[in-house]
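Here's the letter readout for the chains.
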Amino acid sequence: MNLALKDVRHNFGRFVLTAIGIGLLLMLVMGMGGIYRGLVDDATLLVNRVDADLWVVQKNTRGPFAEISRIPANAEDRVRAVPGVASTNDFVSHTIQREQAGRTLRMTVQGLSWPQDKGAWLPLIAGRQIEQAHFEMIADKSLGLPLGHRMVLGKDTYTVVGLTRNMASTSGDSMVFVTLADSQAIQYDQSGEAVRLEREARKSRASDFDPGRVQPEILNRAAGPSSGIPALGPPPVSAVLVKITPGADPLRVASTIASWPDVSVYSADAQRQLLVSGMVDKSRRQLALFRGLLIIVSAIIMALILYTLTLDKIHDIAVLKLMGARNLVVINLILQQALLLGTIGYGIAYIAGQWVFPIFPRRVLIVQEDLWMLAGIVLGISILASLLGIWRAMRVQASEVIA
Amino acid sequence: MVSAPDTRVVEAFGLTKVYGSGNTEVRALRGIDLSLSRGEVIALLGPSGAGKSTLLTIIGLVNPPTSGRIMMAGRTVVEDGQFAVDVRSFRRQHMGFVFQKANLIPFLTARENVQVAMEINGHSPRLAKRRATELLDYLGVANRADYYPSTLSGGEQQRVAVARALANQPSLILADEPTAALDSVRGRQVMELFRKVAHERQAGVIVVTHDHRALDVFDRALEMEDGLILANPAATAPITAAEVDLRNTSGPSNQDRSKPS
C-alpha cells in the first residue's frame, strides 16, 4: 500500500493547490533560465545568421555591437582584394523608434548589400526576399506589420514584402531589413532645412579660402548636394563582413587585414564572445543570481510545505510506529510525497510556461538542456526539502499516541 | 512424558518505573509482578496517577522500565531498562493496541487501516486486503469497510481499531480506556468484543479502564494504586459474584485464574 498516494487521494484539493503553487514557483525558475537563453540567443542571433568568417571594424573598437564602429564604405573594396577573401558585404545597423497607428514601434534597421545579399539567409515565414534596390522591407512578425503594409521612414515609403520570426537585435528590438542604401538613407535622413543650412555653411567656408574665391565652380559645388563633392565620401558603414575562400587560411587573411592602420578584425567566434562577455554579461550574471535565489527560495518553501504536511501527519506517524512500522515506511511516505510534489510542480511549470512565456516582451527560450538541468534541480530540492520532514518524523515516539 | 504447553502470554517481574530525579523524582511503578495467559482478559483499575497507563506502555514495549524483567513468547524481551528485542518488530508480530481514541489513520479507509497493519508486517497487499475484510466482517463493520474514519461513528471506529489490533493475530492486546469515549451500551459491546476475541483467538487482553459497569466481562480485575497492584482488590468481588453466560462457557473462573500458578 502506498501511503503517500493514499494521503494525496484523501487530501487531493490541498495537494493540487500546493502543487500549483510550487509549479508556478518552478515556472519562474524555468523562465529565468529561458530569459537568459533568449538574451544570449538574441545577442548572437545576427552573428550566427549572417555567417561571416571575419568582421572588419573600426580600429581599436569592439564594434559594431559592443560599441560604435565607423569605417569608410570603400573599405569593402580593399578587403575584397585580399587573397583568400571570397566575398564581402557592408554591415549597417541602427535602431529607430516610430509611432505607427497610435503605438510605438522600436526596430533595428539592418542594411543588406543588395543585390548580392537579398536576404536569402533570413528565416522567412511569409512573403519574399528583397527584389528591388529601394523601398522594400522585410520585417519581423513581432512588429505586427502585415505583408503589403506601407510605412514612411525618412523621406521614403517602404513596403513590407517579407516576414521573419524571432529576428531580434542584440538589445532585443525586432528587426527590419532594407537595402544598404535605404538603410543609410534612413539613418542619415535630415530635414530640408538642415540640408539647406549645411549647404550654406559649406558655401560660406568655401568662400573663405583662396580656391573658393578664385574658382566660382567650387562655390557652386559646395552649395549643391553632398554627392556632387568628390572630397565628401559616401556615408561610413559599421563593419565589413568577410567570407573566406574554402581552403584559405582565415588567420592569414585576418592578419593581413589587421595590419592596416584603420581597421580591426574579429572572427565570428570572437564577435560572439564580445557580445556575450561584454553586452550581456551583467544581465547574464544578474539573471543567474536571481535564478539561484529563486531555487533556494523554492527549496525553502518546498521544505516548509513538506514539513507542514508531515506535522499534519505526526500523530499518524506515531500510530504507524506503535504498530511496528519500520522507519523506511515513514521515510517513503514523506519522500514519495516530496518527489510527487516536485514532479507535478515541474509538469505544471512546463505547461504553464508554454502559455505564459510567449506573452513576455523579450524572448524566453526554453532548451532541452535547461529542462533536464531543472528536472535535476527539482529532484535535488525535493529530496533536500523532505529531509526536514523526515527529521521531524524520526523524532516522533510511539508513546506520543498514548500521551 | 509430554510437558504441558506454556499458555502464558506475558510475565512481568518486579517492574519499576521512575521519572525524573532528585526533588522531581516520581516513582510511577514500584515493583509490579504480573502474569497473563492466553484467552484471559484482565482489567487494570485505579485512580488517575496510579500507574495503569505506564504499566501498559511498558508491557507494550513502548517505554522501558527502570528495572525489572518482562518475558513474552517464551523469552526475555526487556530487563533492567534494556530492550532485548527489536521492539517495533516484536510489537508488529505479537501485539495489538486499542486506545480511548481509535487513532485510525484519517487518510485510509476502514479496510486500509486494518490492511496497513498487516502490510507493514510483511503480508502481501492481496492477502492483507482479504484478511482485513474478514476481520471487519468478524467485528460487524464490513459494510463500512470503504468509508473513511471521519464518516464512522465512535463505536464503529473502535471496532475498526480492534480489527486493526487483531490484524497480525497478536498474542497480546493492550487497551487503554477503549470505552471512555463511548456510551454505556457501546462501551459494553466493545468490552464484550475483547472477551470474544480473547477466547476465540486465544489472545491475552489487558484493558485499562475506569468503567466499573462492565467488570463482569473480565476474568480478573487488578486494582492499582501508587504504582502497586493491590493484593486483594475489592474490584474482583463483583466479578466472582456475577453469573455471566459468556464466562460460564468460556473457561476457568476468575478465582481459579487468580490463583498463583
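Just above sits the structure.
These numbers come from a predicted model, not from an experiment.

Trainee: Whenever I open this one, the overall build of chain A confuses me. Can you help?
Mentor: Secondary structure summary: chain A contains 14 helices and ten strands in total. Out of the 403 residues belonging to chain A, those deemed buried represent 39%. Contacts in chain A between residues far apart in sequence, at least 24 positions, make up 76% of those at least 6 positions apart.

Trainee: Explanation requested: the sheet that holds strand β10 (residues 220-225) of chain B in the structure shown.
Mentor: Think of a sheet as strands paired side by side through backbone hydrogen bonds, with each pair either parallel or antiparallel. Residues and elements named next belong to chain B. Strand order in this open sheet of six strands is β7-β8-β9-β3-β10-β11, and the pairing throughout is mixed. Only two strands of the sheet have a single partner each, and these edge strands are β7 (95-99) and β11 (228-229). Here strand β3 (residues 41-45) pairs with strand β9 (residues 204-208) via four bridges, running parallel. When the bridges of β9 are listed, Val41 appears paired with Val205. The sheet contacts of helix α6 (residues 184-201) involve β3, β8 (172-176) and β9, and relative to β9 the element is tilted by about 160 degrees.

Trainee: What should I look at first to understand the interface of chain A and chain B in this one?
Mentor: Between chain A and chain B, the residue contacts involve 18 residues of the former and 24 residues of the latter. Considering each element in turn, the side of chain A that touches chain B owes the most residues, four residues, to helix α11 (residues 314-322) of chain A. The residue makeup of the side of chain A that touches chain B, split by class, is nine nonpolar, four polar and five charged.

Trainee: What exactly am I supposed to notice about the nonpolar core here?
Mentor: If you look at soluble globular proteins, the nonpolar side chains tend to sit buried side by side. Counting residues in hydrophobic clusters, the biggest one holds 177 residues, and the most contacted among them are A:Val56, A:Val240, B:Leu136 and B:Phe194. Element by element, the count of residues in this core is highest for helix α2 (residues 12-50) of chain A, at 14 residues. If near-sequence neighbours (up to four positions away) are discounted, A:Val240 is found in contact with A:Val56, A:Ile71, A:Ala75, A:Glu76, A:Val79, A:Thr88, A:Asp90 and A:Phe91.

Rules behind the numbers
- Residues numbered from 1 in each chain as written.
- Chains lettered and ligands numbered in written order.
- Predicted model: local features only at pLDDT ≥ 70, side-chain atom pairs only at ≥ 80, totals over all residues.
- Helix = DSSP H or I, 4+ residues; strand = E, 2+ residues; numbered from the N terminus.
- Buried ≥ 20, exposed ≤ 12 C-beta atoms within 10 Å, placed from the backbone.
- Contact = placed C-beta atoms within 7 Å.
- Pairing = 2+ DSSP bridges.
- Axes fitted to C-alpha atoms, helices over the stretch in contact; angles between N-to-C directions.
- Nonpolar A, V, L, I, M, F, W, Y, C, P; charged D, E, K, R; others polar.
- Core = buried A, V, L, I, M, F, W, Y, C linked by C-beta atoms within 7 Å.

Limitation: the analysis is restricted to geometry and does not speak to function.
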